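Coordinate inspection notes
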Amino acid sequence: MGRDNVRRISPGSKRDRELPENKIQWRRSQEHYELFKALVKWELDDELQLMQKRWKTWTNNRLSEAGLSLFNLLAKPNGRFFGDPIISFSAQSGSNLPWHGFRHGDIVILSRSRPMEERCDEGIVLDRNRKRIRVVFKERPEALRKGVWRIDKGANRVAHDRMQNALDAFHSDDSEMGTPLRDIIMARVHDIEAAASQTPDIGGLKKQIDRINLSKYPLNDSQREAVELSLKSKVSIIQGPPGTGKTHTAVQLVRTWVKRGMGPILVCAESNVAVDNLLNGLLENEVMAVRLGQPVKVRENLRSATMDAHIAKHPDQEKVKMEKDYLEEVQNELKNLKGREKGLAHRDLNKGWKEVKRLEKKMAEDVLDGADVICATCIGSGHEMLGYRRFPFVLIDEATQSSEPSTLVPVVRGARQVVLVGDHRQLPPTVISRRAEEGGLNRSLFERLIEAGLPAHMLEMQYRMHPTIRDFPSGRFYEGRLEDGESAKQRTAPAGINWPDWENPVAFVPIEGAEIVDEMGSSRSNMDEAGCVVELVKGVLDAMELQASDIGVISPYAGQVRLLNDLFEDAGGLAEGERFHGLEVKTVDGYQGREKELIIMSTVRSNSEGVVGFLKDRRRLNVAMTRAKRGLVVVGDSRTLRHDPTWASWLDWVDEKGLMAWHLKA
């Protein structure tokens, strides 16, 4: 192998061997396998190492300030969630919990005080408010009400294992899993566009496609074309820029598969939120869809569609309950039995639990057999509950936020037709490990296939943004191809802000403040900008047209998000019944896929060197600029921002449009 085809492991690794370069087209399976096996392992190893390093070297105060840990918590049982115990944690002092980064669905580690030295319990966050955080566990922790507890963010080992298994199946010719699309996915075909656009060789599929009349479906021209081309192709890519209805298009495509009797069908996305959006759309279209995954991670109004909920309603459930009750009685009587009677009781227990497992497996099989569509996260599709079930039809939404090994988890379930939906002009997969990122784990399969020559079918009609808000992103990121499905009259400027031009509801507020590096050195804040943002939000709420829930406040930096949350708490509160209840303050990354009537963005960076940090990521800027429906306000230091070409271009556009808002400075 030539020197140009290998890469050395980053400094700090204990291993000395060389790995293949990350390619666009893979001629050798072994190289693809070796590289991604290593990258996936690095991601888990480095996440665990970072977690343990923080536990060893950071003070409790530093961990708390970073939002990674909560200390001195009192615990009490708070009911059950699909049979699993819910534990509620609150501050020992009875006051509000400090600011923290725990969100619904996060994996957490529960310990007394030293997670590296104790036996810990792992749980999942159910919900949170200012006073308490509720976590679901598989079993109730021992001595729950005694003493105080500590909660830390955990790592996802399951994801690592399932990605490794998917790589094994993808490259094995002997596995019961895998996919006949391997050569196309590896891009080792002579003409990838021709190979991918062939109709899959699935019995009767060509005839079924010919009978489909898409004119009866609620699709615009570009959506209809994307669905039509995807139905006829082995592998297809649908690019959905902001507000173009990519999830709606995905739902209609799946609905088409179902109506023509095609299946089984597997529908996935990288995040639970995106899976829930797909599930909601399918249920609204009367598709029998079942959601895999822990109900605690599923949106509350959709939990009736989970596997657990369906099993709970199964006719055999009463039989299982009776059997379990009987077995528990036998277990309780064991201590009173001796000799032959005890031996017979043990035999009954073994036999009984085997019967319970058989019935539970049968109930799960019945639910799966009765579903038109199975919905899961990409990682969730590797659940053992699916066994060796094969799904010839696979759709993956949010595919640009999924790493290649993660995307392969659903694909290796026998996929013969794959549709990838996403937008490579928005944020890429999140990768924690620096060396894994350098190795290319942050490039999605979606993006690699486009680079290999597989064209994307782009959706061109956007229904979210005021035409002025759409103008710059369309020209800068989408070759000017985006059209408006909503007119300016349908997207009037929100009251409460003195817009430079009421016909063009975009404003840049120039603030020459001072950025502050937090004590961890990992994030930044800017008090001058934060104060301006708070005053802008107050003005909008005082006008009484928009509610707090209509407004989104975003910043690239977690430090600024933390500062803003504190300021809004002090200025009136974020809890139910308080002035700013419903206001969402998040990082840019936390807002992908979201929209609000009004977005106010704080850019934070303000320095004489012109360093903009990860503001220079064009994709992050694209996401930030495209969340707003009716109004967009950006607060920042133009002197610093102009050192980046994309920001300079946007500021030139602001100047040309006359949208500089000096008068809005607090």
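Going by the structure above, here's the rest.
Below is a short write-up of the structure. (Residues numbered from 1 in each chain as written. Predicted model: local features only at pLDDT ≥ 70, side-chain atom pairs only at ≥ 80, totals over all residues. Heavy atoms only, no water.)

Brief notes about the overall build of the protein chain
Quick reminder of the rule: Every helix listed is a DSSP run of H or I at least four residues long, and every strand listed is a run of E at least two residues long, numbered separately from the N terminus. Each radius of gyration is computed over the set of C-alpha atoms, and the globule rule expresses the reference value as 2.2 Å times the number of residues to the power 0.38. To sort residues, take the accessible area from a 1.4 Å probe on protein chains only and compare it with the maximum for the residue type: under 20% means buried, over 50% means exposed, and anything in between is partly exposed. We call two residues in contact whenever any of their non-hydrogen atoms come within 4.5 Å of each other. In this description, accessible areas are obtained by the Shrake-Rupley approach with a 1.4 Å probe, and a residue is regarded as covered only by the protein chains that are shown. Two residue types count as positive, namely Lys and Arg, and two as negative, namely Asp and Glu; His and chain ends fall outside the count. For the purpose of locating charges, the reference atoms are NZ of Lys, CZ of Arg, CG of Asp and CD of Glu.
On a plain count of helices and strands, the protein chain comes out with 21 helices and 24 strands. For the protein chain, whose C-alpha radius of gyration is 27 Å, the value lies close to the compact-globule estimate of 26 Å for 666 residues. With the C-alpha coordinates of the protein chain rotated into their principal frame, the extents come out at 90 × 65 × 55 Å. Across the 666 residues in the protein chain, those meeting the buried criterion constitute 55%. Pairs at least 24 residues apart make up 73% of the contacts formed inside the protein chain by residues separated by at least 6 positions. Summing over all exposed atoms, the protein chain offers an accessible surface of approximately 30,100 Å²; the carbon and sulfur share of this is 46%. Taking the 100 positively charged and 98 negatively charged side chains of the protein chain as two groups, their mean positions are separated by 4 Å.

Section: the sheet that holds strand 14 (residues 417-422)
Put simply, the rule is: DSSP calls a pair of strands paired once it identifies at least 2 bridges connecting them.
One open sheet holds the seven strands; their spatial order is 11-12-10-13-14-9-15, and the pairing between them is parallel. The two strands at the open ends of the sheet, each matched to only one other strand, are strand 11 (289-291) and strand 15 (457-458). Sheet topology places strand 10 (residues 265-269) next to strand 13 (residues 393-397); five bridges connect them, and they run parallel. When the sheet's bridge partners are listed, leucine 266 is paired in strand 13 with valine 394.

So, the sheet that holds strand 22 (residues 584-587)
Quick note on the threshold: Between the N-to-C directions of two axes lies an angle of 0 to 180 degrees, each axis being a line fitted to C-alpha atoms and, for a helix, fitted only over the stretch in contact.
Sheet architecture is open: five strands sit in the order 18-24-23-21-22, paired in parallel fashion. The open sheet has two edge strands, strand 18 (506-510) and strand 22, and neither has a second partner. On average, adjacent strands in this sheet sit at an angle of 20° to one another, irrespective of strand direction. The pairing of strand 21 (residues 551-555) with strand 23 (residues 596-602) spans four bridges and is parallel.

Examining the nonpolar core
Operational definition: Nine residue types can take part in a nonpolar core, namely buried Ala, Val, Leu, Ile, Met, Phe, Trp, Tyr and Cys, and a core is a set of them joined through side-chain atoms within 4.5 Å. Note that domain bounds follow an automatic or database assignment of domains.
Counting 70 residues, the largest nonpolar core has Ile192, Ile374, Ile396, Leu420 and Leu449 as its most contacted members. Per-element tally for this core: the top contributor is helix 12 (residues 339-370), with eight residues. In this structure, this core is formed jointly by two domains, domain 2 (157-287 + 372-456) and domain 3 (314-365), each of which donates at least three residues. Setting aside chain neighbours within four positions, we find isoleucine 374 in contact with Ile265, Leu266, Val267, Val290, Leu292, Leu368 and Phe391. Of all hydrophobic cores here, the second largest spans 38 residues; its members include Val275, Ala289, Leu302 and Leu395.

Things to note about the side chain of arginine 255
Test applied: In protein, a polar contact requires one atom able to donate a hydrogen and another able to accept it; more generally it is a pair of N or O atoms within 3.5 Å, and residues adjacent in sequence count only if both atoms are side-chain atoms.
Checked against the element boundaries, arginine 255 lands in helix 8 (residues 246-259). There is a polar contact of 2.8 Å between the side chain of arginine 255 and the side chain of glutamine 252. Not counting the four nearest positions on each side in its chain, arginine 255 is found in contact with Tyr217, Pro218, Asn285 and Val287.

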